[in-house]
Number of protein chains: 2
Amino acid sequence: MTDAAREDVLNRLENGDYSCAKEFTLAMFAGKWKLIILCQLNEHGAYRFNELRRLLPKVTHKVLTNQLREMTQDQLITRTVEQEKPLKVIYTITPLGQSLMPIIDAMCDWGDARLAQLQVTPHFSANEAALPGA
Amino acid sequence: MTDAAREDVLNRLENGDYSCAKEFTLAMFAGKWKLIILCQLNEHGAYRFNELRRLLPKVTHKVLTNQLREMTQDQLITRTVEQEKPLKVIYTITPLGQSLMPIIDAMCDWGDARLAQLQVTPHFSANEAALPGA
DNA sequence: CTGTATCCGTTCGGATACTG
DNA sequence: CAGTATCCGAACGGATACAG
């Protein structure tokens, strides 16, 4: 699990095993929803809990809570509680979180290129690309 | 699990949901051992199954097999069987796998910087950094 | 509105034995 | 040597109910 992996890296760090900078970075965003959350917060600046929930249709209450808690612990996002009634909790991205964006952008690019290479331009036959003008 | 995440992205692609280039990339190396395997193969060129096993002390036979199979399917590595007795199976990194290295390097850098920031220079008190010459 | 606790099916991962 | 199959305990993830 992404959780387990994160725990594992964190534990290794506590034990002085620190030969794992890349795993550490990976653990920051390897959760099933963390990339999307990060990008959304980066683009739009702030979201409340249920707004995020609506943004990520297939995420569960429990799982979203968990992802957000981990990201808060890792200081990728900030959790701000406004003590009104009803309660308001605002999530925003931190500078640390933003510092991950170049990596995430690189992942976008790689993914786009790779998917194009696989000719997964969906709903068109896989051979289309081979016979354009000719 | 990283497996599950990978399956999920793959399924989404098959269904034409392809708004997920970054998740796709993530799924390439999000497995617990894939980063290390990739780096090792990139540095040393080729390894046999049991050599990898020794390199990754805590990995299980079954899990390693699985990680290698997925990476082969994703065309990040190549599996070559030499039909001698006893059997020899060689794993090497592909150009596609190598094309991930810039991203992985960026992850190393980010992780190094972040760990330094956290003052996890292990086995030294967390305050050492604050009182050098003074 | 947010978040926690519980129950419970599903899936993961370790150990072991077996095949080619 | 390399990989598969099986068994089984552990962890995850969904649904629901409850609390602040």
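Computed from a predicted model, the values in this text were never measured in an experiment.

Asks: How would you sum up the pattern of salt bridges? Please name residues and give values.
Replies: All names here are of chain A. This structure, assessed with the given rule, holds four salt bridges over all chains. Ionic pairing is found between Arg6 and Glu70, a salt bridge with its closest N-O pair at 3.9 Å. One end of the pair, Arg6, is in helix H1 (residues 2–14); the other, Glu70, is in helix H5 (residues 61–73), and 64 residues separate them in sequence. Given a relative accessible area of 2%, Arg6 falls into the buried group. According to the relative accessible area criterion, Glu70 is buried, its value standing at 6%. One salt bridge in this structure joins Glu70 and Lys34, with 2.6 Å as the shortest N-O distance. Residue Glu70 is found in helix H5, and its partner Lys34 is found in helix H3 (residues 34–44); the two are separated by 36 residues along the sequence. Salt bridges linked by common partners bring Arg6, Lys34, Glu70 and Asp74 together as one network.

Asks: Got a sec to walk through the state of the cysteines? Specific residues and values, please.
Replies: Summed over all chains, the structure comprises zero disulfides over all chains. Between Cys108(A), a cysteine without a disulfide, and Cys39(A), which holds the nearest cysteine sulfur, the sulfur-to-sulfur distance is 5.8 Å.

Asks: Pulling in residues and values, what's your account of the sheet that holds strand E1 (residues 46–48) of chain A?
Replies: Residues and elements named next belong to chain A. The strand order across the open sheet built from three strands is E1-E3-E2, with neighbouring strands paired in antiparallel fashion. Across the chains shown, the open sheet's two edge strands, defined by having one partner strand only, are E1 and strand E2 (77–82). Across the sheet, the mean angle separating the axes of adjacent strands is 25 degrees when strand polarity is ignored. With three bridges joining them, E1 and strand E3 (residues 88–93) adopt antiparallel strand pairing. Residue pairing across strands places Ala46 opposite Thr92, the latter belonging to E3.

Asks: Describe the sheet that holds strand E2 (residues 77–82) of chain B, naming the residues involved and giving the relevant values.
Replies: Residue and element names in this part refer to chain B. Sheet architecture is open: three strands sit in the order E1-E3-E2, paired in antiparallel fashion. With partners counted over all chains shown, the strands left at the sheet margins are strand E1 (46–48) and E2, one partner each. Neighbour-to-neighbour, the strand axes of this sheet turn through a mean angle of 25 degrees, independent of strand direction. Strands E2 and strand E3 (88–93) of the sheet are contacted by helix H5 (residues 61–73), whose axis makes an angle of about 110 degrees with E2.

Asks: Help me get a handle on the confidence of the model for chain A, residues and values and all.
Replies: Residues and elements named next belong to chain A. On average, residues of chain A score 84 in pLDDT, and 82% of them are at 70 or above. Looking across chain A, the model is least confident in H1, with a mean pLDDT of 73, and most confident in helix H6 (residues 95–98), with 97. Confidence over residues 123–134 falls short of pLDDT 50; this stretch has two contacts with residues more than four positions distant or in other chains.

Asks: An account of the packing of H3(A) against H5(A) is requested, with residue identities and associated values reported.
Replies: All names here are of chain A. At a closest axis distance of 11 Å, the pairing of H3 and H5 adopts a crossing angle of 70 degrees. What the angle tells us is that H3 and H5 run roughly perpendicular. The two elements H3 and H5 cross, and the hand of that crossing is right-handed. In this structure, H3 contributes Lys34, Ile37 and Leu38 to the contact, and H5 contributes Leu64, Gln67, Leu68, Glu70 and Met71. Of the residues assigned to the contact of H3 with H5, the class counts are five nonpolar, one polar and two charged.

Asks: I'd like a description of the interface of chain A and chain B, backed by residues and values.
Replies: At the interface, 39 residues of chain A touch 38 residues of chain B. Considering only the side of chain A, the residues that lose the most area to chain B are Lys22(A), Trp110(A) and Leu115(A), jointly responsible for 20% of the buried surface there. Applying the counting rule to chain A against chain B returns zero salt bridges. Viewed at the interface, chain B and chain A are joined by six residue pairs in polar contact (both at pLDDT 80 or more). For the side of chain A that touches chain B, the secondary structure elements donating two or more residues are H1, helix H2 (21–29), H3 and helix H7 (101–117) of chain A. With eleven residues, the single largest contributor to the side of chain A that touches chain B is H7(A).

Asks: Explain the nonpolar core to me, and be specific about the residues and the numbers.
Replies: Counting residues in each nonpolar core, the largest one holds 75 residues, and the members touching the most others are Phe29(A), Leu38(A), Leu100(A), Phe29(B) and Leu100(B). For Leu100(A), the contacting residues outside a window of four places in its chain are Thr25(A), Met28(A), Phe29(A), Leu38(A), Leu76(A) and Trp110(B).

Cut-offs and rules
Residues numbered from 1 in each chain as written. Chains lettered and ligands numbered in written order. Predicted model: local features only at pLDDT ≥ 70, side-chain atom pairs only at ≥ 80, totals over all residues. Heavy atoms only, no water. Salt bridge = Lys/Arg side-chain N within 4 Å of Asp/Glu carboxyl O. Helix = DSSP H or I, 4+ residues; strand = E, 2+ residues; numbered from the N terminus. Buried < 20%, exposed > 50% of the residue type's maximum accessible area, 1.4 Å probe, protein only. Disulfide = S-S within 2.5 Å. Pairing = 2+ DSSP bridges. Axes fitted to C-alpha atoms, helices over the stretch in contact; angles between N-to-C directions. Contact = heavy atoms within 4.5 Å. pLDDT = per-residue confidence, 0-100. Parallel < 35°, antiparallel > 145°, perpendicular 65-115°, else oblique. Left-handed = near helix turned anticlockwise from the far one by under 90°. Nonpolar A, V, L, I, M, F, W, Y, C, P; charged D, E, K, R; others polar. Buried area = accessible area lost by both parts, 1.4 Å probe. Polar contact = N/O pair within 3.5 Å; in protein donor to acceptor, adjacent residues only side chain to side chain. Core = buried A, V, L, I, M, F, W, Y, C linked by side-chain atoms within 4.5 Å.

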